[in-house]
Structure formats: structure tokens, C-alpha cells
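# Coordinate inspection notes
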Number of protein chains: 2
Amino acid sequence: MSLIVQKYGGTSMGSIERIRNVAQRVAKWHDAGHQVVVVPSAMSGETNRLLSMAKEITPKPNSREQDMLAATGEQASSALLAMTLLSMGVPAVSYAGWQVPVRTDSSHTKARITSIDDTRVRADLDAGRVVVITGFQGIDDLGNITTLGRGGSDTSAVAMAAAFGAEECLIFTDVDGVYTTDPRVVPEARRMKVISFEEMLELASLGSKILQIRSVEFAGKYQVPVRVLSSLTDPSIPLDEERNSGTLITFEEDQNMEAAVVSGIAFSRDEAKFTLRAVPDTPGVAYAILGPIAAANIDVDMILQNLSAQGTTDFSFTVNRNDADRTEQLLKEQIGPAVGAGEIISDSKVAKVSIVGIGMRSHAGVASSMFQALSEEGINIQMISTSEIKTSVIIDDKYMELAVRTLHRAFELDQDRD
Amino acid sequence: MSLIVQKYGGTSMGSIERIRNVAQRVAKWHDAGHQVVVVPSAMSGETNRLLSMAKEITPKPNSREQDMLAATGEQASSALLAMTLLSMGVPAVSYAGWQVPVRTDSSHTKARITSIDDTRVRADLDAGRVVVITGFQGIDDLGNITTLGRGGSDTSAVAMAAAFGAEECLIFTDVDGVYTTDPRVVPEARRMKVISFEEMLELASLGSKILQIRSVEFAGKYQVPVRVLSSLTDPSIPLDEERNSGTLITFEEDQNMEAAVVSGIAFSRDEAKFTLRAVPDTPGVAYAILGPIAAANIDVDMILQNLSAQGTTDFSFTVNRNDADRTEQLLKEQIGPAVGAGEIISDSKVAKVSIVGIGMRSHAGVASSMFQALSEEGINIQMISTSEIKTSVIIDDKYMELAVRTLHRAFELDQDRD
């Protein structure tokens, strides 16, 4: 017998019929003797319905009241799930975040969990009840309802798993795990049975939508084993089979994982590149360029500065494509003239391709292998950025799929490793 | 400057546009220097939407979880109203019942308020904020969300007015006050400017839908002046005019009120009459008849027993028409044979007409005047029931409207008394 936290997304909770499916799945774990805490999202569409009413009132709703409003979505879905379990004869009780309580800071609409009291929940679990707890929300020190922001239910689930000392946190979603890369681009993409926490963190920050990045950080901080698995299977799938499905995010670096130099390939077209040519190379020029960008709340991703012999430098950086127009305007009207740039070049037709692997730490030459594979396909690398377990390149976006397939093959990600 | 509690029903909160109207009305009172506590119902249709999901899961949803679910309706509408006030520049904050807290017993779906803490709300009011508090709900001693049952927002508003020492509790609704009788039956029906608490209590228990009966009881217990008035007027109606509109339910019996022997006429077709003929008149026969009825959770309204010389009695009673079939079955299959009734007669074509007036206490012969007026129109009275300030009769339902019009004229209710 063990304590398991299960999180179900909005699609899994999207109708009474689907809630029944969730209840059947939960009942299966409960009947097998496990203590189960369930963290449901709001029914799909509900959070949007609520927030669109707020937007109809005012473009900038008061954030405290917006939290008060949005929190009702999870409260309703949690009550419906508990009700369904009870109607099936499974002892169950639902709690809103404030009833546990899940304590957070007071940053409405993007609060951070500060502590979770396990007294009340543990008493219910020990009495044999399934405990359903609203995801996405908590209560601050002043007794106000707070929400964690979009996707916050993942974070709620992982934080609860940590607080209750759960054996595993199961994130049920509409994909069946984490893949070596997107199967829509590379049909040979393989589901990973295991991925390290650090790799998952890199994948999440590179734009993988599978898990909210803060939930991965939480899992890392509290060493919570997290499993991503499908909620679309038949709920009566044997428990042992379900326990081993999906992808486990783990903290134990075993031999198998060491063997894999590169675990996955991430990619994104959400990039725009800007280059300032022939900038007089004076101290502080990087700050003079990027300061106003940061001041405009635009996140800069990669940065590249080429020194030249003539006392000038070429300075390039990338931003999210959504911010491209604002960035270009800032460069042309303000930054370019201020730093005396010779020319400003913008390029929105770029893509970022990244290899991620914990094995890169102990294996030299992985980046070189990446560059070689791309060069053999005639793909020019425009910018490079590396971290301990990741190498990203910026390339012409028309080569993106080719690059991903090439790297997937080059690092033998289609070979079964488990 | 005074403290005013304002309650708005579901229709008044039925859309963003209507919530804006409510906010304008509230802002007017706030701007005039009043401290305002607003108690909104859920947006019209929302409670039904939530409960029908619950019914889709199971015909008998767990009552704790049903409260958890239903309470989200008022939380959402309260947040939307506070948001609207804030967007208009009016300082405002919304609280769910548990945040005040509004404490109740643990009778889920029909809880009773036990106490209301005024600390937090008073601090907000003193800081110049409008305080919006969810109607219909509270929290029990175990920290569970409870609801007061349908129409409970009236009770919430009156209870809050009592707890906060409000000068008046304004119940904004879709009628403009309490009438001498239903204007759809008697076009000459007149809105009462003032009605006594006891009369309102009789009217509410006789089926007037204007105020939930428990809210009237609360008003009586705590001597809270309650005003029923229209939410359909232009929200910018001058405050002084609004203050004197509608109907005030008062505790001060002034001369004007004494002058009115009968204040209003209530009527209902929700009646069914049963008669057991020639029942052997043994001790305990009433209990033998009515015990099984009560055990089946059927409320008996009027009871009539005619003693006869032959050692038998005729026993009649009325129930709500919805319970007529079950009652008839009980009588025929169980009670009739048990008490040895000669015959069982059921009649669903009856109506109840009642005159209500605090003046009946000090004026003899009011009931006689009622019987005389009905007799002059050839209306036969089948049953009579009286209380200190009310006389009800059961008549053939085809005469109901005639009886109401006759009595309205006989007691000169169309004459302006104020």
C-alpha cells in the first residue's frame, strides 16, 4: 500500500462521462489498497468561460477578484468527482485549496505555494477516503483565495505529492508520455520510459507543453518521482500495466541513463533573430542594447557577440517571435541610433533546435557530433548556445524538420534503450 | 451615513450588463456616503446548471459535495460584481461565506446560520470599501461549505443586516413590493408601503414567493427592518426616491397599521382535500390517520373533524397537491382499512384563500365578515382554519379568483390607506 497523487487535466474532466472514467480509474487504485489524492483541473472550457466574463467587464480585472472567480472552476469539478466516487460506493471527500490549507504568497493570478498542511488530508486517507483537492489554487496569509496561474494544477499535484510524502505523482494527460522528439515530425520518435529530472527541466524550458515548468522545478526541489501517462486508456486497464506506462521523471541516474548521451530533441519556430552590424565596441555596449529590451519586458534568449578587428562588433540576439515587432521598433527608433549601429538586420525565419541529454555532462564531443551531422546535410548554424546538458542552435527555419530528423538518427534515438 | 445591506436576486445578476446595473446602483449608495454590504445570488440559471450536472451523476448526490458544487455560483457572481465596482473606481472586495465567516450548523443543503463574525467586514467598511458577500452559504464547525437551501440569499442578507447592525436590509427583486393580493388576479391590488413583520410571516407561509419564510423569521428575531423593492428601475433613480419605494416590513405598529383590519389576501391552488367518512370515533383515531401520513414525510395543512351522534366521525384534511397521489394510496391501502373508514373521498379541485391582518387581533367579527362576503357570492366554505392574524378557507377552486376579488373589495383593500 502506498500513497499516490493523481492529477487529471481539463480534457480528462471535460464532461460527466469523462469524470465517470476518472472516477473508475481512481476507484481501481483505491480498491487495490492505495491511498489516493486526486487533483483535478477545471472542466475544459470552464476557466475560459469565467475569464471571458471578467474580460467583458474590464480588460484588466482586479487580480484578487479574478482569482476568486477562476477558483470556482476547480471547486466545481472537484465536487463533481467526489460525488461520482461516492455514488460508486468509494468513500471520498473534496477540498478547496483553502480547506487543506494550501498556503501561498499573495501574488494573485501567479501565486507560489509556500506550505501545505497535511493534517486533515492524512486523517481522511487513514480513514480510507479518497481525497479530491482542487488544483491551481490556495489561500494567502490574509485569507484571500489565490491561483497559481495557467497550468498550475500540475504544480499543485507535485507540491501535494511532496507534502504528503507520496510514492509517486501521476500526471494523467492526453499524451501517453514524453517522447524523444515530436512524433508528428519524426515518426520514429520513441516514448522514453524514464527521463531525468534535469532533462525534463530543459525540455520544459525549451517549450515542451507536457508539464508546466514550475511543477518540474518543484519535483526537483522535493525529489518527487513524477510519471506522465495517458488518461485516454480504458480506465479498467490492469493496475500493474498502468503503473509502468508513460514516462517516469526520476532522480536516480542509473546505468541505462548514463548510456544515453542524448535523450531528446526539442525544437521551436517561436524565434526571431536580430543583428546589429558594425557597432562601435565600447564597454557597456551589450547593456546599452539589451537594457531597453529588458525594460520593455521582452525576454532575450540567445546572445552572440563577434569581436572584429576594426574596433566594431556584430551583436545578435533572439527573442520570441511574438515580440519581434516591438523589438524591431525599439532597435530602429531608439537603440540603433544610440549605440551607433551600422545596420540592423531582423530575421523571423529562424528556428531553434536543441539536443538534451544528461550524458552530455560526461561525454565530450557531443556538440561537435551535432554540428557535424547538421553540416553533412548542408544546414548552416547561425547561433549556438550551450548548457551543461543541452546544446541549442539557431538555423534557417526551412531546415528545421530536416535537422530534427537528422539529429534523431545521428544520436540513435530511434533505438530502444530500455 | 448609515450601514445598508442590499440583496440582489439571480435575475438582477443574470448577465454582465445587469451586473453593471447593480454596480451602478450600489455605487450611488456608496457615493452618497453609506456603508454598503451587497449580497448577490448566483447568476440566474447557474445554480440549475450546476445541480443538473450533479443529477446527471446520481439522482441523490452526496449533500456535502452538492453544497461544495452549488456554492461556486455565488462565489463567481460576487467576484464579478466586486470586479465591476472596482473597474468603476469604487473600492470593493468580495468574500465567500467562509471568509467572513458566516457560521452555520452542518445540515448540508438546508443549513441554519448560527453566527456571523463582523470583524473583517467592519474593517473593510470603515476603510470605505463596498463589501460583497456570497449569499446562500456558510461554513460549519468542521470547515465544510454549507448552503442554506433555495432562496437562502434572502436569509443571508437579513442575517448579515442583523449581525452588522444595518439600518435597513434592502431586498432588490423583480417586483416592486408586496401587494394586497396578486395584481394578476385583482387589477385593483395595491402595493403596501408598510407591512408588519407578522403579516409578512403569514403571507410567506401562505406561499407568497416574495421572501423566503426563514428570512422573515430572521428579520423578526433580530428586529431588522427589511424593504422589498424593484431592481428593474433605472439605477440612477434618485436615492431619496429609492429609499421610499417598495414595501417596508416593520416592527413598529403605528396608528395607520391598526386602522387596517385586513392587510392582504393570499391564495393557492396547491391544495388537495381528503375526507374519511363514518370513521368509528375511538380515542387516538386522529393519530391513526395522520401518523402514517407524517411518517411518509407529507405535510398536512388543515384538519377538520366533525363529531356525529352515531359514534362515527367525518375526518378531513388537506395536503399539498404534489403529495395527493401518495396520500390517496396510503389512505386506500393502509389507513382506511386500519381505522374502519366507511368511505374515502379525495378532492383536488379545491383552493385555499386567506385574509391576513394584524388588526384582526383587536377587531372581533373579521372572520364573520369574510364568511358573509363569500356567502353573498354563493361560495360554499368547505374548511376553515384560523390563527391570531389570519383566517383561511378551503373552497371549490373554480371560485378562487371570485373569492379573492370579493374579499379584496369587502375589506376595502383597493382604498389608499397611507
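Residues numbered from 1 in each chain as written. Chains lettered and ligands numbered in written order. Predicted model: local features only at pLDDT ≥ 70, side-chain atom pairs only at ≥ 80, totals over all residues. Heavy atoms only, no water.

## A look at the pattern of salt bridges
Applying the stated rule across the entire model yields 42 salt bridges over all chains. One salt bridge connects Glu-388 of chain A with Arg-361 of chain A, and the closest N-O pair in it is separated by 3.4 Å. Here the residue Glu-388 of chain A occupies a position in the loop between strand 17 (381–387) and strand 18 (390–396), and Arg-361 of chain A occupies one in the loop between strand 16 (343–356) and helix 12 (366–376), the gap between them amounting to 27 residues. Arg-129 of chain B is the salt-bridge partner of Asp-124 of chain B, the closest N and O atoms lying 2.6 Å from each other. Several salt bridges share partner residues, and in doing so they unite Glu-46 and Arg-49 of chain A together with Glu-46 and Arg-49 of chain B into one network. (Salt bridge = Lys/Arg side-chain N within 4 Å of Asp/Glu carboxyl O. Helix = DSSP H or I, 4+ residues; strand = E, 2+ residues; numbered from the N terminus.)

## Overview of the interface of chain A and chain B
Contacts between chain A and chain B engage 42 residues on the former and 42 residues on the latter. Carbon and sulfur atoms make up 65% of the surface buried where chain A meets chain B, a total of about 3,400 Å² over both sides. At the boundary of chain A with chain B, the tally comes to two salt bridges. Of all elements in the fold, only helix 1 (16–31), helix 2 (46–57), helix 3 (63–87) and strand 3 (92–95) of chain A reach the threshold of two or more residues within the side of chain A that touches chain B. For the side of chain A that touches chain B, the element with the most residues is helix 3 of chain A, which contributes 16 residues. Of the residues contributing to the side of chain A that touches chain B, the split by class is 24 nonpolar, eleven polar and seven charged. (Contact = heavy atoms within 4.5 Å. Buried area = accessible area lost by both parts, 1.4 Å probe. Nonpolar A, V, L, I, M, F, W, Y, C, P; charged D, E, K, R; others polar.)

## Regarding the sheet that holds strand 2 (residues 35–40) of chain B
Residues and elements named next belong to chain B. The eight strands lie next to each other as 3-6-2-1-9-11-12-10, forming an open sheet whose pairing is mixed. Single-partner strands in this sheet number two, and they are strand 3 (92–95) and strand 10 (194–196). Across the sheet, the mean angle separating the axes of adjacent strands is 20 degrees when strand polarity is ignored. The pairing of strand 9 (residues 168–173) with strand 11 (residues 226–230) spans five bridges and is parallel. Within strand 11, the position partnered with Phe-172 by the bridge is Leu-229. Each of strand 2, strand 3 and strand 6 (130–133) is contacted by helix 3 (residues 63–87), which is oriented at about 175 degrees to strand 3, the strand it contacts most. (Pairing = 2+ DSSP bridges. Axes fitted to C-alpha atoms, helices over the stretch in contact; angles between N-to-C directions.)

## Thoughts on the packing of helix 12 (residues 366–376) of chain B against helix 13 (residues 400–410) of chain B
Residues and elements named next belong to chain B. For the pair helix 12 and helix 13, the least separation of the axes is 10 Å and the interaxial angle reads 130 degrees. Comparing the axis directions of helix 12 and helix 13 gives the class oblique. Helix 12 and helix 13 meet at a crossing whose hand is right-handed. On helix 13, the residues touching Met-370, Ala-373 and Leu-374 of helix 12 are Ala-403, Thr-406, Leu-407 and Ala-410. In terms of residue class, the contact of helix 12 with helix 13 is made up of six nonpolar, one polar and no charged. (Parallel < 35°, antiparallel > 145°, perpendicular 65-115°, else oblique. Left-handed = near helix turned anticlockwise from the far one by under 90°.)

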